[in-house]
Amino acid sequence: MDVNQIEWLVDYLNNFSGAAMVVSHDYDFLDRITNCIINVAFGKITKYRGNFKKAMRQRKEREEFQQKQYEKQQVEIEKAERFIRKNKAGSKSTMAKSREKKLAHMDKIDPPSTNISASFNFPYEDTGSHEALTVDKLSVGYNKPLLAPVTFTISMGEKVGFSGFNGVGKSTLIKTILKKLPAKGGTAKFSPSAIINYFSQDLAWDNNRMTPMQIIADKYPKLTQRTIRTKLAKCGLDAQNAIKPIHELSGGEQTKVKLAMMEFVPSNFLIMDEPTNHLDEETKEALKRAIDRFPGNVIIVSHENSFYDGLVDKVLNVEKLSLRERAKNETL
Ligand SMILES: Nc1ncnc2c1ncn2[C@@H]1O[C@H](COP(=O)(O)OP(=O)(O)OP(=O)(O)O)[C@@H](O)[C@H]1O
Ligand SMILES: [Mg+2]
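My aim in this report is to walk through the structure given alongside it, one point at a time. Given the structure is predicted, the values throughout are model-derived calculations rather than measurements. (Residues numbered from 1 in each chain as written. Chains lettered and ligands numbered in written order. Predicted model: local features only at pLDDT ≥ 70, side-chain atom pairs only at ≥ 80, totals over all residues. Heavy atoms only, no water.)

Here the focus is the coordination of the magnesium ion (ligand 2). For the magnesium ion (ligand 2), every protein donor is listed as Ser171 (OG) and Gln201 (OE1), and the spread of their distances is 2.0 Å. Taken as a pair, serine 171 in helix 5 (residues 170–177) and glutamine 201 in the loop between strand 7 (196–199) and helix 6 (212–219) lie far apart in primary sequence, 30 residues in all. With a relative accessible area of 17%, serine 171 lands in the buried category. (Donors = N, O, S within 2.8 Å, 3.2 Å for Na, K, Ca; no water. Helix = DSSP H or I, 4+ residues; strand = E, 2+ residues; numbered from the N terminus. Buried < 20%, exposed > 50% of the residue type's maximum accessible area, 1.4 Å probe, protein only.)

And the structure:
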């Protein structure tokens, strides 16, 4: 959803007298609408009352407590195991056996399970020219133009965000710049040394039944299985998901596969159309850090304003270029 729709939904939910159950990765949004949080993490469901920030604090305390209990028990277990090993055959063997029994029946405390954390790194290939992209009176659309002709330049190393409501034409503008769609007029020219790495908005795969391992091996035949597996793990995809058909993966997991694939392409211009859509908060942060570290150019679209904070040099408001008349009652 775009920013206006989110505002509308916040208002709607806050005025709604019934109960509502909402699933979202958008923490700002959750903070504004919730009074109870159900945290689902690896087979456990925990309910927290109070606002979102308080619930997150409680969750953290709970995890820290469990970590301590877990560590304490691990020390106990190790001690018992040492004793058993040493005394199993000797004069204290009865004692060792009884300890062994006790150990087998012990209620084992699990460590607090945490998300396997992702870290991204988009390899950079040097570029020589000052003007990275020059867009001149570019007109985009399908049957008729969607936007007023667009003119802008992006200099070397500049990072730009595109904003605007759903359907305004952000993806169309990007695809036209990339020449995946024909321009209705005007031009878009990358510098001759520009090497582009593109993340498309849709989660579409040529063959849904292929696994992430197969998809990547197919696209980059020179890579070893080990390299692919390591890369997927680094991007937060665990070993089981790496060998499942891609259509069985969640939106966030599929996004991680797409991001992992981008990491095999050295480039100096990242173009990312809504990469944050399915990602959880931690993964979004990891992605933001990687984009921030990337020394080349970036064009990015995200409906979460906070993602742009401290990341982009400027934002192009595509809404202002829109030729579409919005209906008066069109609040969504
Ligand atoms: N292949 C197509 N043929 C005809 N119209 C299309 C096509 N693809 C998109 N459109 C229309 O063009 C308009 C712009 O779509 P686009 O995907 O560029 O919007 P967007 O700004 O990226 O939206 P979102 O925030 O939802 O991703 C929409 O009204 C859409 O319905
Ligand atoms: Mg789009």
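Back to the text.
Let's shift gears to the nonpolar core. One broad rule of soluble globular proteins: the nonpolar side chains tend to lie buried together. In this structure, Phe120, Phe122, Leu232, Leu259, Met272, Leu287 and Ile291 are the most contacted members of the largest nonpolar core, which totals 37 residues. Residue contributions to this core peak at 5 residues, all from helix 9 (residues 251–262). When neighbours within four sequence positions are excluded, leucine 287 is seen to be in contact with Phe120, Phe122, Leu259, Met272, Pro275, Thr276, Leu279 and Phe307. Phe152, Val168, Ile177 and Ile271 belong to the second largest nonpolar core, which has 25 residues in total. (Core = buried A, V, L, I, M, F, W, Y, C linked by side-chain atoms within 4.5 Å. Contact = heavy atoms within 4.5 Å.)

On to the pattern of salt bridges, then. Under the definition given, this model contains 9 salt bridges. With its nearest N and O atoms 3.1 Å apart, the salt bridge here joins lysine 231 to glutamate 263. Of this pair, lysine 231 sits in helix 7 (residues 225–234) while glutamate 263 sits in the loop between helix 9 and strand 8 (269–273), and the two are 32 residues apart along the sequence. Where glutamate 281 meets lysine 284, a salt bridge forms, and the shortest distance between an N and an O atom there is 3.5 Å. Residue glutamate 281 and its partner lysine 284 are both found in helix 10 (residues 281–293); the two are separated by 3 residues, about one turn of the helix. What emerges from the salt-bridge pattern is a single network uniting Glu281, Lys284 and Glu304. (Salt bridge = Lys/Arg side-chain N within 4 Å of Asp/Glu carboxyl O.)

Bringing the layout of surface pockets into the picture now. Of the pockets and cavities examined, the second largest pocket occupies roughly 530 Å³. In this structure, the second largest pocket is lined by 19 residues; those nearest its centre are Ala204, Trp205, Lys219, Lys258 and Met261. Looking at the lining of the second largest pocket, the elements that each hand over two or more residues are strand 7, helix 6 and helix 9. Looking at side-chain class alone, the lining of the second largest pocket contains 10 nonpolar, 3 polar and 6 charged residues. (1 Å grid on protein atoms, 1.4 Å probe; cavity = no way out; pocket = protein on both sides within 12 Å on 5 of 7 lines; lining within 4 Å. Points joined across faces, edges and corners; volume = space filled by probe spheres on them. Nonpolar A, V, L, I, M, F, W, Y, C, P; charged D, E, K, R; others polar.)

Helix 4 (residues 93–105) packs onto helix 3 (residues 52–87) with a crossing angle of 145° between their chain directions and a minimal axis gap of 9 Å. In this structure, helix 3 crosses over helix 4, and the sense of that crossing is left-handed. The segment helix 3 lies against helix 4, with Ile77, Ala80, Glu81, Phe83, Ile84 and Asn87 engaging Ser93, Met95, Ala96, Arg99, Glu100 and Leu103. Across the contact of helix 3 with helix 4, the residue classes tally to 7 nonpolar, 2 polar and 3 charged. (Axes fitted to C-alpha atoms, helices over the stretch in contact; angles between N-to-C directions. Left-handed = near helix turned anticlockwise from the far one by under 90°.)

The subject of this paragraph is the site of ligand 1. Taken together, 13 residues sit near ligand 1, with Gly167, Lys170, Ser171, Thr172 and Gln201 positioned nearest. Taking glycine 169, its main chain carries an N or O atom lying 2.9 Å from an oxygen atom of ligand 1. Separating an oxygen atom of ligand 1 from a side-chain N or O atom of glutamate 274 is a distance of 3.1 Å. Looking at the shell around ligand 1 residue by residue, the class counts come to 4 nonpolar, 7 polar and 2 charged. (Near = heavy atom within 4 Å. Polar contact = N/O pair within 3.5 Å; in protein donor to acceptor, adjacent residues only side chain to side chain.)

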